Amino acid sequence: MDQVQIQRQRNSGEWATVMVVQNLAPNITNAMKATARSNPGCRVRAIDANGRVVDIL
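These remarks concern the structure in this document. Everything quoted here is computed from the prediction, not taken from an experiment.

As for the sheet that holds strand β2 (residues 15–22)
- Ordered in space as β2-β1-β3-β4, the four strands form an open sheet in which the pairing is antiparallel. Two strands close off the open sheet at either side, each with one partner strand: β2 and β4 (53–56). Sheet twist, expressed as the average angle between the axes of neighbouring strands with direction ignored, equals 25°.
- Alignment of strand β1 (residues 3–9) against β2, held across seven bridges, turns out to be antiparallel. From the neighbouring strand, Q5 faces β2, where its bridge partner is V20.

Below you can see the structure in the form of structure tokens.
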């Protein structure tokens, strides 16, 4: 099964990977919400193995 990187945007504009989850909708949603709670005010996105944006908050 493919994996998805959960990333947050730093103040400098760079994206930093904070965790990797399996490519299942509930896993991606939960990981993105947890990342957003841990990093208030930061944008959060999910990137697949090919570098495509899967979802963004």
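Having seen the model, we can carry on.
Overview of the environment of D55
- Relative to the assigned elements, D55 resides in strand β4.
- Spatially, the C-alpha atom of D55 lies 9.4 Å from that of I6, the residues being 49 residues apart in sequence.
- With residues up to four places along the chain from it excluded, the contact list for D55 reads M32, V44, R45 and A46.

Structural notes on the side chain of T35
- In this fold, T35 is placed in helix α1 (residues 25–38).
- A distance of 2.9 Å separates the side chain of T35 from the backbone oxygen of A31, its partner in a polar contact.
- When near neighbours in sequence (up to four residues on either side) are disregarded, T35 contacts I6, R8, V18, M19 and V44.

Description of the nonpolar core
- Judged by nonpolar contacts, V4, I6, V21, I28, A31, M32, V44 and A46 together constitute the single largest core of eight residues.
- Contributing elements (two or more residues each) for this core: β1, α1 and β3 (44–47).
- Considering every element that reaches this core, the biggest residue donor is α1, with three residues.
- Ignoring anything within four residues of it in the chain, the contact list for V44 reads I6, Q7, R8, W15, M32, T35, A36, D55, I56 and L57.

Notes on the pattern of salt bridges
- Within the structure shown, the criterion is met by two salt bridges.
- In this structure, R10 engages E14 in a salt bridge whose closest nitrogen and oxygen atoms are separated by 3.6 Å.
- A salt bridge links D48 to R52, with the nearest nitrogen and oxygen atoms 3.0 Å apart.

Definitions and limits used
Residues numbered from 1 in each chain as written. Predicted model: local features only at pLDDT ≥ 70, side-chain atom pairs only at ≥ 80, totals over all residues. Heavy atoms only, no water. Pairing = 2+ DSSP bridges. Helix = DSSP H or I, 4+ residues; strand = E, 2+ residues; numbered from the N terminus. Axes fitted to C-alpha atoms, helices over the stretch in contact; angles between N-to-C directions. Contact = heavy atoms within 4.5 Å. Polar contact = N/O pair within 3.5 Å; in protein donor to acceptor, adjacent residues only side chain to side chain. Core = buried A, V, L, I, M, F, W, Y, C linked by side-chain atoms within 4.5 Å. Buried < 20%, exposed > 50% of the residue type's maximum accessible area, 1.4 Å probe, protein only. Salt bridge = Lys/Arg side-chain N within 4 Å of Asp/Glu carboxyl O.

So, to be careful, I would describe these as geometric facts and stop short of saying anything about function.
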